[in-house]
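Inside the fold
So you can see what is in the structure, the chains are spelled out below.
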Amino acid sequence: MNEKLENIIKGLPFTLTEEQDFFLRDFISGQGNACLLGDSGVGKSTIMWILHKYYESSILFGASSGVATVGLPDNIGYATTHKIFNLSVGEAIAKDYKRRCPKILTGSSLITTIVIDEAFCHNSQDLDQILNQIRKLNKATRNRGGRNIRLLFVGDNLQRLPIVEDELKAKLTAKFGHYLMFESNLWKKFNPTMYVFTEVKRQSGESPKDVWFRKALQVIRYGIEKHYDTVLKGLNKLVVGDNFEEGSLYLAPTNNLVNQYNAEYLRKNPNEKITFTADFGPKYDRKEFPMEQKVTLAEGCTILCLVNCPVGTYQNGTELTVTSILNGEGVYGINSEGVEIYLPVHEFKQEEIVAVEKEIRDINLNELMGKLENELSLKSIFELYAEKWDDLEWEEGLTAVQMLSRFSREDLNRYYNKFVKDKILVQERVLIDSAVMLPVKLSAGFVTAKAQGRTFDRKGLIDVGDPDKDYFYTWNKMPDFGVASLFVALGRFTNIDHVQLSRPIDKIHIKTCKTSVDFWFKSLKEFNERRK
């Protein structure tokens, strides 16, 4: 029995699902790489938070984008995948494979597990470079010992395909067998154990229309064509055209449509418009900034918080209706419970994580004795034991831990400093520079792809795009346009009563990637067979 894991699970303020419980026990007791698949709302973030509690300083978290990294629970995100593995942008050349990873990975062997969220935004070339970096990082050097780093990819391969230009897509297919990493010839080398969470908690009502909505989402998610007519007939009853509820949250597939909606939303607001602009320190890498560098607001606007409050007053995803604005300082707003809260400008820290020796006073007794047991032979420990109590004779069957447990903490500290060469290391964040910005965006309109992972418990207006641009969905020059877009848009809302459609939905608007769907069900079958 894993006592540490059991204690963490017992201390949780909620009950894990059977899938979550199986994953934690199986992954922690296992070896090698892994993938955790699941729709939004199945508890993937919860699992990452628990892994952080369990592995402590030996695990590193990142995500495919800056927004996703900031959105990781409890500020556990270190950096984007591109920064962690120093990936190239665009087609990689031989020189790109010689790049070094950050010092937290190269300076010591502290990190043994790396978790990447929203991992399926990455293509086969990214996976090739990641595996190349892992191969180098696993080798012993004068700065670190050898190790076997485990990779855990987390995400939903059905919601977001990697964005790859056609020319590069063809090159990746020629080189790796496919541009999608899980269909490439590299996947066998990666060889992950597959886990699939299916219990979605976002839409949880049990009324007939709630059950119908969940089933309709599954039809759209998996592209079950024989049910399209029935689903579209039901959904198109929600068409409201321009008669949508004032203040509805707008979701559309293109930046142009969303920008128009947001501009109109602000124009209709009669109050003074105030713009917040990010203030960057000289060493801050602006490419890594996780939000827009400018945001314009007015009293009465609905905004979305993009960071978590240290004391829990608000969190990433909290919606506020602005009541007053302190230019350059922050805003006051009313939350969904009718409480007015203050949201100040936020310091976005750009940090480097480094490995440092753990202060001996912070090392617990079991950890200390375990390190001494690993570093010293049984004979060496008995010699220290006999030196301390010179009248003792060897006791048959006496273990190293039994002998070490009889020493004082002061003695153990002294032996640790004297004999242990490979000291216990921990992660420490070192500030590079900061940017100060109001951590919000207008909660008026979202590009559908950027709404992935969010939950909306209010009225929304879904737009599948300008009718004159419907050819985007079928154009061979844009084969990935709109894939999973309708599912992402509909699936953000907690129940069907919140959904309004700006125009009727047609079959061409339901786009799935069959390759991704096949991979999902293959992974689910593998997962379920292991759980029997």
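Attention in this report is confined to the structure presented alongside it.

About the criteria used
Residues numbered from 1 in each chain as written. Predicted model: local features only at pLDDT ≥ 70, side-chain atom pairs only at ≥ 80, totals over all residues. Heavy atoms only, no water. Salt bridge = Lys/Arg side-chain N within 4 Å of Asp/Glu carboxyl O. Helix = DSSP H or I, 4+ residues; strand = E, 2+ residues; numbered from the N terminus. Buried < 20%, exposed > 50% of the residue type's maximum accessible area, 1.4 Å probe, protein only. 1 Å grid on protein atoms, 1.4 Å probe; cavity = no way out; pocket = protein on both sides within 12 Å on 5 of 7 lines; lining within 4 Å. Points joined across faces, edges and corners; volume = space filled by probe spheres on them. Nonpolar A, V, L, I, M, F, W, Y, C, P; charged D, E, K, R; others polar. Pairing = 2+ DSSP bridges. Axes fitted to C-alpha atoms, helices over the stretch in contact; angles between N-to-C directions. Lys, Arg positive; Asp, Glu negative; His and termini not counted. Polar contact = N/O pair within 3.5 Å; in protein donor to acceptor, adjacent residues only side chain to side chain. Contact = heavy atoms within 4.5 Å.

Applying the stated criterion to the full structure yields 25 salt bridges. Among the salt bridges present, the one from Arg531 reaches Glu18, with a minimum N-O distance of 2.1 Å. Note that Arg531 is positioned in helix H18 (residues 514-531) and Glu18 in helix H2 (residues 18-29), a separation of 513 residues in sequence. Accessibility expressed as a relative area gives 47% for Glu18, which makes it partly exposed. When the shortest N-O distance is used, the salt bridge between Asp422 and Lys371 registers 3.9 Å.

Attention now goes to the layout of surface pockets. Of the voids in this model, the second largest pocket is the one considered here, and its volume is about 920 Å³. Listed by contribution, the elements that provide at least two residues to the lining of the second largest pocket are helix H3 (44-55), helix H13 (365-375) and strand E16 (425-437). When residues in the lining of the second largest pocket are grouped by element, the largest group, six residues, is from H13. In terms of residue class, the lining of the second largest pocket is made up of six nonpolar, eight polar and eight charged.

The subject of this paragraph is the sheet that holds strand E5 (residues 150-155). Each strand in a sheet pairs with its neighbour through backbone hydrogen bonds, running either in the same direction (parallel) or in the opposite one (antiparallel). Strand order in this open sheet of six strands is E3-E2-E4-E5-E1-E6, and the pairing throughout is parallel. Two strands close off the open sheet at either side, each with one partner strand: strand E3 (77-80) and strand E6 (193-197). The mean inter-strand angle of the sheet, taken between neighbouring strand axes irrespective of direction, is 20 degrees. Sheet analysis places strand E1 (residues 34-38) next to E5, joined by four bridges and oriented parallel. When the bridges of E5 are listed, Cys35 appears paired with Phe153.

This part is about the side chain of Arg144. Structurally, Arg144 is set in the loop between helix H7 (124-137) and E5. Asp422 provides the closest opposite charge to the buried, salt-bridge-free Arg144, at an N-O distance of 11 Å. A distance of 3.0 Å separates a polar atom in the side chain of Arg144 from the backbone oxygen of Thr106. From its side chain, Arg144 meets the backbone oxygen of Leu137 in a polar contact 3.1 Å long. Contact partners of Arg144, with chain neighbours within four places excluded, come to Leu105, Thr106, Ser108, Ser109, Lys136, Leu137 and Lys139.

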